[in-house]
Each structure stands twice: as structure tokens, then as C-alpha cells.
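Residues per chain are reported as follows:
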Amino acid sequence: MSIQRRGIHLDQSELLCKKGCGFYGNAAWQGFCSKCWREEKQRQIQEDWALAERLQREEEEAYANRQQKSQPQAAVTPFNKFEERKNKEKSSKVHTVTKFFTPSTKTPPKKDAAPFDAHSGPSPSSSTRRHSCLEDERATQEFIDFLKPLKSGREIFKQCRAFTEGMVYKQDMGADELSECVQDFYQNLSDRLQAQFKGSSDHVESVMDEVEKYMMTRLYKAVFCPESTDDEKKDLAIQKRIRSLHWVTIEMLCVPVDEDIPEVSDRVVKAITDVIEMDSKWVPKEKLACITRCSKHIFNAIKVSKKEAASADDFLPTLIYIVLKANPPRLQSNIQYITRFCNPSRLMSGEDGYYFTNLCCAVAFIEKLDAQSLNLSSEEFELYMSGQASPNWLQTRGASSSSSGSTALTQVHNQADLSVLDKREEHVRKGARQLENDLIDWTNEVEQKVQSALESFPAGTPAPAGTAASEPAPAAPSAIDSENVENELLPPPLQPQVFAG
Amino acid sequence: MSSAGAAGTSNRTYSFKVVLLGEGCVGKTSLVLRYCENKFNDKHITTLQASFLTKKLNITGKRVNLAIWDTAGQERFHALGPIYYRDSNGAVLVYDVTDEDSFQKVKNWVKELRKMLGNDICLCIVGNKIDLDKDRHVSVEDAESYAESVGAKHYHTSAKLNKGIEELFLDLCKRMMETAHAEERAKGNGASQSAATRRGVQIVDDEPQATPAGGCCSSG
């Protein structure tokens, strides 16, 4: 369909309002005319309200009926996770599909493209829309529940809702401007709360956490890895980079963990799992929590290996190692998302902020990593990077870092020897094949000769032809002889006789 | 929100971020563990890690939350420094009095910090391991005169003997509080101040971050 509409050609029907009222539609209103769009929007808002109220009623009923609250919740969690993953897959699919349509934004959006654009239009038929709706509803419900006991809860909810909905119409803004908007909102709200709670910062923090959770759950799809940035490109770049660094060992990074200890290797695996899990979360705070969990596992691994509290000198190399091993999905997008939309107080001085900063450092290090930063010679580094050699081939685990360099060098030599042998073998094989071909050719040649020879002589005289070929000199008289039919009738030739006397 | 440097009414808590810089093996970790846990090379250290530590203080009736960020001191991580010390209120630059090179390293850090953050950051230069005074390779006069020349305070400490550490952090806190006050006065109203605080949060690699803040101070 996009191929057909590649040109400037536009159907009259495409310019008209989608509702068919006869007025012209507009891209900014999803193809509706201004009046229909307003109605549509109003309907949407009312639906949202009705849904929120219904949910609240249901929740309250369920709460009244439910005696033990924690148990069913625990049972639900795995399903939620599954749902989340499904949503995530969907969202990534949506992103790629929408990408296809971005170059054509100058023309009014196509009717068939609209349903894919999950976050910018009221298209209740789309399944992605329904999924994000479920998430939205849950977030809204939780937010309402949280705010209920607060005096100003209703007002806070209204503001957050209005702001979140307003954000939907700022889609075409750059990521930095969106971030600016959200950060301004956080700042204003927290200033107001500060005044309201008379400086009880813990309280303000907890409210702000919920605000962030509600808003970012609703905005996640629109502002995570937006098309206006090159986040996706950076994701792919770092992913490729980490893949090409697969050969980096614990020794090269001077990582103070001993993976031979079962507890340590277990911690390493958990740390890797946590940093990968970050991508599945929607709220910046939850993403940060994943990084913090990962860091705690690393600290445990270091403590078990080194028998002392880990310093930054130990922690950062280990984190780099974990990131290299994990190759977390959409790493740059996640970092950018957290940076742009996380509550600032958390990033600036909190413990989560410290671990996040370290992750940023790890990524920066991996991006700029060279031979020097791994204590390798540039030749070795080049060899490893090009895949011509690998430090893992001969190196035994637990070899000290100082010897690893020389081992690597001997390996390189061995590698060279092997390649020479390889070439020789290839040469021999080639010769053998040549010989075989020659033999076949020769046989064919001989056969051909024989054949042609046979053909050049009459069929009745096969045997003499053979002798003629091999012994040409005596053949001539015999041939003359053979014509003589009465040969046998002649008396034997005279023999000279010697007479005595 | 208890943002860094945000002060104002007396019941509000100050929250400061302090980075710990210095070469590996100068005793950064011992220093901060001694300060926060009062332990040295102890098997009973309760914290899991010594890279991020917090300390709550009460200075002249004002509450202060100190977050101390340890940094990786190996040479290969030197380039990552700006990511760590961004938005910090104070920096503790540690060298080993028996190691001339580590002092040289501190000088490099000072140059870099002043270039990137200007005068917004309070610097402390700390000569650690004074219990090994007989092997001293950095003279007291050199170190102190250097510190004065760059607008930093100089301290001598020993994590092993627990000397000079409390004073170091207490002084630093007082200076950071003064800086916060001065900034607040310079900015005048709260609106611009909050905007500036927020701008500082974004972890984006742009160097000129310090310049607008400086211009703001001088104009106000």
C-alpha cells in the first residue's frame, strides 16, 4: 500500500474527515475534522473516567471479599510478568512498524497506518491499544488507591492525569523537550508538596515515587526510545560492540571475583539476570531497582571472593564484566529513558543514582575500550577483535593476569604455525586432485586414440592394425604377404645347402 | 525533595554529594570506612560495600545528609571521572604521603575539576597514611602551599590511627553549607534556583554546564 502512495498523489477521500461528515480532516486530528475530533476525544475521556470508576468499584468489592490479600497476588505475579513480556514484544513490533511510516508524515496519515500508531490515536480496535489500556488502568487504580488517604490526593491525581494526557499531544516534540516538560512537572509538584507537608521529605518522596510510577506507566510507550532520537541506533551499536568483545576475560579486566566458587558464580548469574531484566520494566524507578539488585549481587560476589568490603576499584571492573557477559537489550535506550524521566532526587545523590552512574561509566568504558585499557599490546587486541585469535583457546582458567599476555603470544605463534600447516595441506590436496585429473585425462586420451585408430581402419582387419601400430617395419611385407592367397601352396623357400667335399 | 544544595528554611535537610578521588592504593576506601563505620582493616565491617556510603550529621542544629561516592582509581578509568563528579558539591582528593606520584595525580584532578565545575565545588586535598611519616615523600609545605594556590583546604589523615578524618568531613560540610547559602542568596528567588537544580540532573555529556551557572551567580 505504501508503494502505491509513494508519490504526491492523494485521493480526495483521504483528505476528508474519517467520520464522513463531509468536512476536511487533518493529520493532527488523526484524520478527523476539528468537530468530530473533539467529539471523539470527549468520548475517549469519558470512557476513561467510566473505566476508572468501574475499576475502583470492582477493586473495592474484591477487597471486601478478599480475606487474605497477599496470597492471590503472589499467584498473579508470574502471569503479570508474562503479560509484560508479551506487551514488550508487541511494543517493539509497533516501533518498527511505525518506523516504516515515519518518512511519510508530511502527507496525511493513511487510514490503515493509524491503528499501528498505538500511542497517538483513539483506535480502540487495536490490540496494542487494549494492552496498554490494561496497564494504564492498573497504574491508575493503584495510584488512586495510594492517593485516597491523602488530603490533597484528588487534586494531585487530577494534575497528573491532565499532564499525562497533555503529553500525548506533544508527540512531535524532541525527546529532550519532553524530558524537560516531565522534569518541570516533577519539580513543580514536589515544590508544592514540600510546602504542603511542611518539609517532611520522606513523605514527599513517597508521593513522588507514585506519581512517577503512574505517569511513566502511561507514557512509557510514547517516550521510550522515541523515533525523534537515535537511541535505537545507539542500542544496536553498543550491542554489536559488546558482541565483538566476547573474548575479554576476567583477567584482562582485573576483576576480583573467583568464579570457581559456586556461590560466586551463582551471584554472577543473578547479576546478569537482573541487568537484563531492566529492559522489561516500565517505570524508571523499577529499572533503577534492577540495576541496584545487580550491583548488590556483584558486591556479594566480591565479598565472598576477597573476604572484604568491595570498593569502587573492585566494583566498576566487575560491573563492566557483567555488562559484557549480559549484553543487556536496548541498553542505551534504557539509560536515556532513566536519565530523561527519572525523579531527579533519586538520580542525583541516592544509592540507586550511584549504581546507575556506575552503569553509565561501564558503558562509556566499553565504548572507548582499547588495547591499553586491557593491558594488551595493540597487535593482540587487533587479533582478538578480528577473530583471528582467541585468548580462551589454550588459556587455563585461573592463570594469573601477568602470564596471560605471554600465553596469548604463544597462542598467536601456534596459530601462525597451524595456518602454515593448513596451507601446505591445501597445497598437497591440490596436487593430488591435479594428479587424479591428469590420470583421468590420460586414460580418456588413450581410449580416444584407440577409438580413432579403430575407426580409421576397416572393421575386418582388427588384429593386423594392432600390430601395424606397434611394429610398423615388418608390417609392410606381411601385408603384402597376406594378399597372396596362394601363399601356402608355394614350396618352401630354398635353403642353401652345404655339401661336404 | 531534598535536592543537593537545596536549603532555605531551617527545618530543611541539606543533602550533599561528595566524590572521593585518588589513585588506587592511597587508602580512599579505608578513609571512608573509618569515617562511616569507625573501623580499619576489620573483619567485622558490616557494610557489604565501601563504594557508596552515607552519613547523617547535625551541624549547628541543621541536618546534613552526606552521600560519599567512591570512584575507581585505576588509571584506565581516569576518563570516566566527569560522569562521577557531575553535580557533586564536594570532592575529597586523596594522596599517599609516601607516594609522590599519587600527589601528582591529585594535581591533575584539581585542574580537571576546576575546569569542569568551576568554583562551585569545595575541594579537600588529603594526605593520607601519616602514620608512615618516616617514609614521607611529599613535603608538608609543598602540599599546603599547593592547596592554598588552588583554593582548596589541605588535611593530614591516618585511617589506621583514626587521625584527622572527622575534622576533614566536618570542615567540608560547613564549607558546602556556606556555598549553598551563597548560591541561594545570589539566585535571589526560588524559581530560578529550582530550575538550575533540575538542569544539573540531566546526565548528558555537555561540558558548558558550569558556564551558565557561573554567569547566573555573577549577574545576580
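Please refer to the structure placed before this passage.
To keep things clear, this report deals only with the structure shown in the data block. Computed from a prediction, not measured in an experiment: that's the story for all the values here. (Residues numbered from 1 in each chain as written. Chains lettered and ligands numbered in written order. Predicted model: local features only at pLDDT ≥ 70, side-chain atom pairs only at ≥ 80, totals over all residues. Heavy atoms only, no water.)

Further remarks concern the overall build of chain B. Within chain B, the regular secondary structure consists of seven helices and six strands. Put simply, chain B runs from its N terminus to its C terminus through helices and strands in the order β-α-β-β-α-β-α-β-α-β-α-α-α. In chain B, which comprises 220 residues, the proportion classed as buried is 50%. For chain B, the accessible surface area stands at approximately 9800 Å², while carbon and sulfur atoms represent 49% of it. (Helix = DSSP H or I, 4+ residues; strand = E, 2+ residues; numbered from the N terminus. Buried < 20%, exposed > 50% of the residue type's maximum accessible area, 1.4 Å probe, protein only. Areas by Shrake-Rupley, 256 points an atom, 1.4 Å probe, with all protein chains shown as cover.)

When you go through chain A residue by residue, the secondary structure sums to 18 helices and zero strands. Within chain A, buried positions represent 41% of all 501 residues. Summarising the internal contacts of chain A: among those between residues at least 6 apart in sequence, 69% fall at separations of at least 24. Summing over all exposed atoms, chain A offers an accessible surface of approximately 28600 Å²; the carbon and sulfur share of this is 57%. (Contact = heavy atoms within 4.5 Å.)

What follows deals with the nonpolar core. Among soluble globular proteins, nonpolar side chains are generally buried collectively. Counting residues in hydrophobic clusters, the biggest one holds 89 residues, and the most contacted among them are A:Trp247, A:Leu253, A:Ile320, A:Leu374, B:Leu93, B:Leu113 and B:Ile125. At 11 residues, helix H14 (residues 351-368) of chain A tops the list of elements feeding residues into this core. (Core = buried A, V, L, I, M, F, W, Y, C linked by side-chain atoms within 4.5 Å.)

The interface is formed by 47 residues belonging to chain A together with 39 residues belonging to chain B. Buried area between chain A and chain B, summed over both chains or domains, comes out near 3700 Å², and the portion from carbon and sulfur atoms is 62%. In terms of surface lost to chain B, no three residues of chain A exceed A:Asp313, A:Met348 and A:Tyr354, which account for 19% of the buried area on that side. Joining chain A to chain B, the criterion identifies one salt bridge. (Buried area = accessible area lost by both parts, 1.4 Å probe. Salt bridge = Lys/Arg side-chain N within 4 Å of Asp/Glu carboxyl O.)

We now examine the packing of helix H9 (residues 262-277) of chain A against helix H11 (residues 312-326) of chain A. Residue and element names in this part refer to chain A. Packing of H9 against H11 brings their axes to within 9 Å, and their N-to-C directions diverge by 70°. Regarding the angle of H9 to H11, the classification is roughly perpendicular. Judged by the twist between their axes, the crossing of H9 over H11 is right-handed. Along the contact surface, H9 presents Val268, Ala271, Ile272, Val275 and Ile276, while H11 presents Ile322, Lys325 and Ala326. Looking at the contact of H9 with H11, its residues break down into seven nonpolar, no polar and one charged. (Axes fitted to C-alpha atoms, helices over the stretch in contact; angles between N-to-C directions. Parallel < 35°, antiparallel > 145°, perpendicular 65-115°, else oblique. Left-handed = near helix turned anticlockwise from the far one by under 90°. Nonpolar A, V, L, I, M, F, W, Y, C, P; charged D, E, K, R; others polar.)

Next up on the list: the packing of aromatic side chains. For the structure on display, the rule yields 25 aromatic pairs over all chains. When the ring of A:Phe299 is compared with that of A:Phe315, the centres are 4.5 Å apart and the planes differ by 25°; the resulting orientation is stacked. Taken together, the residues A:Phe299 in helix H10 (residues 284-306) and A:Phe315 in helix H11 connect sequence positions 16 residues apart. The same class applies to A:Phe299 as to A:Phe315, namely buried. Counting every residue linked through ring pairs, the aromatic cluster contains A:Phe299, A:Phe315, A:Tyr354, A:Tyr355, B:Phe52 and B:Trp69. (Phe/Tyr/Trp six-rings, centres within 6.5 Å; stacked < 30°, edge-to-face > 60°.)

As a further point, take H11(A). Between its terminal C-alpha atoms H11(A) stretches 20 Å, which fits the 21 Å expected from 15 residues at 1.5 Å a residue. The positive-phi residue at the C-terminal boundary of H11(A) is A:Asn327, with phi of around 45°. (Expected span 1.5 Å × (residues − 1).)

Here the focus is the pattern of salt bridges. Between side chains of opposite charge, pairing is possible as soon as their charged atoms come close. Residue and element names in this part refer to chain A. Evaluated as defined, the whole model comprises 27 salt bridges over all chains. The partner of Asp145 in a salt bridge is Lys148, and the shortest N-O contact between them spans 3.5 Å. The partly exposed category is assigned to Lys148, whose relative accessible area is 43%. Where Glu277 meets Lys281, a salt bridge forms, and the shortest distance between an N and an O atom there is 3.4 Å. Owing to a relative accessible area of 14%, Lys281 belongs among the buried residues under this scheme. Bridged by salt links that share partners, the residues Asp209, Lys285, Arg346 and Asp352 form one connected network.

The next subject is the sheet that holds strand E3 (residues 62-70) of chain B. What holds strands together in a sheet is hydrogen bonding between their backbones, with the strands either parallel or antiparallel. Residues and elements named next belong to chain B. Spatially, the six strands line up as an open sheet ordered E2-E3-E1-E4-E5-E6, and their pairing is mixed. Pairing within the sheet leaves two strands with one partner each, and these edge strands are strand E2 (52-59) and strand E6 (153-156). Taken pair by pair, the neighbouring strands of this sheet meet at an average axis angle of 25°, ignoring direction. Where strand E1 (residues 14-21) lies against E3, seven bridges are found, and the strand directions are parallel. Following the sheet pairing, Val19 is matched in E3 by Trp69. Where helix H3 (residues 100-117) meets the sheet, it contacts E1, strand E4 (90-96) and strand E5 (122-128), and its direction lies at approximately 160° from that of E4. Here helix H4 (residues 140-149) sits on the sheet in contact with E4, E5 and E6, set at roughly 150° to E6. (Pairing = 2+ DSSP bridges.)

Our next topic: helix H15 (residues 378-386) of chain A. Residues and elements named next belong to chain A. Along H15, the residues that are buried comprise Glu380, Phe381, Leu383 and Tyr384. The buried side chains of H15 occupy one side of the element, clustering within an arc of 165° when seen end-on. Facing away from the buried side of H15 by more than 90 degrees, the exposed set consists of Glu379 and Glu382. Backbone geometry just after H15 places Gly387 at a positive phi near 80°. (Arc of directions from axis to C-beta.)

With that out of the way, let us pick up the packing of H10(A) against helix H12 (residues 331-341) of chain A. All names here are of chain A. Direction vectors running N to C along H10 and H12 enclose 125°, while the axes themselves pass 9 Å from each other. Considered as vectors, H10 and H12 are oriented oblique to each other. Like other packed secondary-structure pairs, H10 and H12 cross with a definite hand, here left-handed. Two secondary-structure elements touch here, H10 through Pro284, Lys287, Leu288 and Ile291 and H12 through Asn334, Tyr337, Ile338 and Phe341. When the residues that make up the contact of H10 with H12 are grouped by side-chain class, the tally is six nonpolar, one polar and one charged.

Moving on, we get to the pairing of E5(B). All names here are of chain B. The element E5 is extensively covered by neighbouring structure, given that seven of its seven residues are classed as buried. Both faces of E5 are covered, namely the face carrying Cys122, Cys124, Val126 and Asn128 and the face carrying Leu123, Ile125 and Gly127. Inspection of the sheet shows E4 paired to E5 by seven bridges, in the parallel sense. Bridge pairing links Leu93 to Ile125 in E5. As a crossover connection, the stretch from E4 through H3 into E5 is right-handed. Where E5 lies against E6, four bridges are found, and the strand directions are parallel. Bridge pairing links Gly127 to His156 in E6. (Right-handed = clockwise from strand over helix to strand, strands pointing away.)

Residue and element names in this part refer to chain B. Along E1, eight of the eight residues are buried, which leaves the element largely enclosed by surrounding structure. Burial along E1 is two-sided: the residues Tyr14, Phe16, Val18 and Leu20 and Ser15, Lys17, Val19 and Leu21 are all buried. Bridging between E1 and E4 involves four bridges; their strand directions are parallel. Paired with Leu21 across the two strands is Leu93, which belongs to E4.

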